[in-house]
Amino acid sequence: MIGIIDYGLGNLTSVAGAIAKVGFTGTVTADPDELAKCEKLILPGVGAYPEGMANLNARGLVDVLNRLVIGERIPILGICLGFQLLGSESSEFTRTKGLGWIDAPVTRLTPDDDALRLPHVGWNDVRQHGDCILFDGIPDEALFYFVHEFRLDSPPADTVVGTCDYGGRFVAVVQKGNVFGTQFHPEKSQQHGLALLRNFLEKA
């Protein structure tokens, strides 16, 4: 069973549908007992960082996720806001502490071209760095779908496995052991997105 973490933000139905398309069954839940039964976890998210962390804390999920992911090493994939929540903190609206699994803050994108609007919305290519199971069978510079205005800022180099350029290069994919994250939405990224999800679910 794949646990899709419900903390009140995110396109949970789309993620569950994408998981079903690649042959897996997902359960949308905030129940610690249910999450503990899952082989893999997905932390989706659409919205603001402070609200995301507030919701995780209000539902008692921060301690639960630390136990499952850091203590028991259950693989987890953070998507979009869920990816950013893996970081140490964010400056969005107000300084907010994150999960801290990736040692990097979240800051606003700063494109060096004034013609590039924020948020960054649409298809963009992702350059692969090193070997990561998420990209098995996916060509370098494949297109994925992004919707974001903030980014994970300068995480440790050995955790960066994918980058993207939008008026300057930013981190698009990270891996640190059993912790994976994508700034883009694989569930909205058609063929390559589904392939990435399948790789995570089968191989992580």
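Look up: the structure comes first, before these words.
Everything in this summary refers to the structure shown in the same document. (Residues numbered from 1 in each chain as written. Predicted model: local features only at pLDDT ≥ 70, side-chain atom pairs only at ≥ 80, totals over all residues. Heavy atoms only, no water.)

Examining the environment of N55
Tracing the chain through its elements places N55 in helix α3 (residues 49-58). The contact partners of N55, leaving out residues within four places of it in the chain, are Y7, G8 and L9. (Helix = DSSP H or I, 4+ residues; strand = E, 2+ residues; numbered from the N terminus. Contact = heavy atoms within 4.5 Å.)

Quick notes on a negative patch on the surface
Taken together, D112, D113, D114 and D165 make up a surface patch of like negative charges. Locating D114 in the fold gives a position in the loop between β7 (105-108) and β8 (120-128). Classification of D114 as exposed rests on a relative accessible area of 80%. (Patch = residues over 30% accessible without salt bridge, like charges linked within 9 Å, V, L, I, M, F, W, Y side chains within 5 Å. Areas by Shrake-Rupley, 256 points an atom, 1.4 Å probe, with all protein chains shown as cover. Salt bridge = Lys/Arg side-chain N within 4 Å of Asp/Glu carboxyl O. Lys, Arg positive; Asp, Glu negative; His and termini not counted. Charge placed at Lys NZ, Arg CZ, Asp CG, Glu CD. Buried < 20%, exposed > 50% of the residue type's maximum accessible area, 1.4 Å probe, protein only.)

Topic: helix α4 (residues 61-71)
Of the positions making up α4, those classed as buried are L61, V62, V64, L65, L68 and V69. Looking down the long axis of α4, one finds its buried residues gathered within 160° of arc, a one-sided arrangement. The exposed residues of α4 that point more than 90 degrees off its buried face are D63 and G71. In this structure, the buried residues of α4 make contact with β1 (2-5), α2 (32-36), β3 (40-43), α3, β4 (76-79) and β13 (179-182). Just beyond α4, the residue with positive phi is R73, at close to 60°. (Arc of directions from axis to C-beta.)

Here's the deal with the sheet that holds strand β9 (residues 142-148)
In sheet architecture, strand pairing relies on hydrogen bonds along the backbone and comes in two forms, parallel and antiparallel. Within the open sheet, the nine strands sit side by side as β2-β1-β3-β4-β13-β12-β11-β8-β9. Their pairing is mixed. Both edges of this open sheet fall to β2 (26-29) and β9, since each of them pairs with a single strand only. Across this sheet, the average inter-strand angle for adjacent strands is 30°, counted without regard to direction. Pairing geometry for β3 and β4, over three bridges, is parallel. (Pairing = 2+ DSSP bridges. Axes fitted to C-alpha atoms, helices over the stretch in contact; angles between N-to-C directions.)

So, the pattern of salt bridges
Counted by the stated rule, this structure contains seven salt bridges. Note that R67 is salt-bridged to E72, the shortest N-O span being 3.4 Å. By relative accessible area, which is 39% here, R67 ends up partly exposed. With a shortest N-O distance of 2.8 Å, R95 and E89 are connected by a salt bridge. For R95, a relative accessible area of 67% translates into the label exposed.

Points about the environment of R151
Position of R151 among the secondary structure elements: in strand β10 (residues 150-152). Sequence spacing of R151 and P105 is 46 residues, and the spatial spacing of their C-alpha atoms is 8.5 Å.

Quick look at the sheet that holds β10
Across the sheet, which stays open at both edges, the four strands sit in the order β6-β5-β7-β10 with mixed pairing between neighbours. On the outer flanks of this sheet lie β6 (96-97) and β10, each paired with one strand and no other.

Regarding the environment of M53
Mapping M53 onto the fold places it in helix α3. Judged by its relative accessible area of 4%, M53 falls in the buried class. Each C-alpha atom, one on M53 and one on T96, is 7.7 Å from the other, the two residues being 43 residues apart in sequence. Residues in contact with M53, not counting those within four places in the same chain, are V62, L85, T96, K97, G98 and L99.

Digging into the pairing of β13
What you see with β13 is no split at all: V179 and G181 on one side and F180 and T182 on the other are buried throughout. Pairing analysis gives four bridges linking β4 to β13, with the strands arranged parallel. Bridge pairing links I76 to V179 in β13. Bridging between strand β12 (residues 169-176) and β13 involves four bridges; their strand directions are antiparallel. Paired with K176 across the two strands is V179, which belongs to β13. In sequence, β12 turns back onto β13 through a hairpin of two residues, with G177 there showing a positive phi of about 60°.

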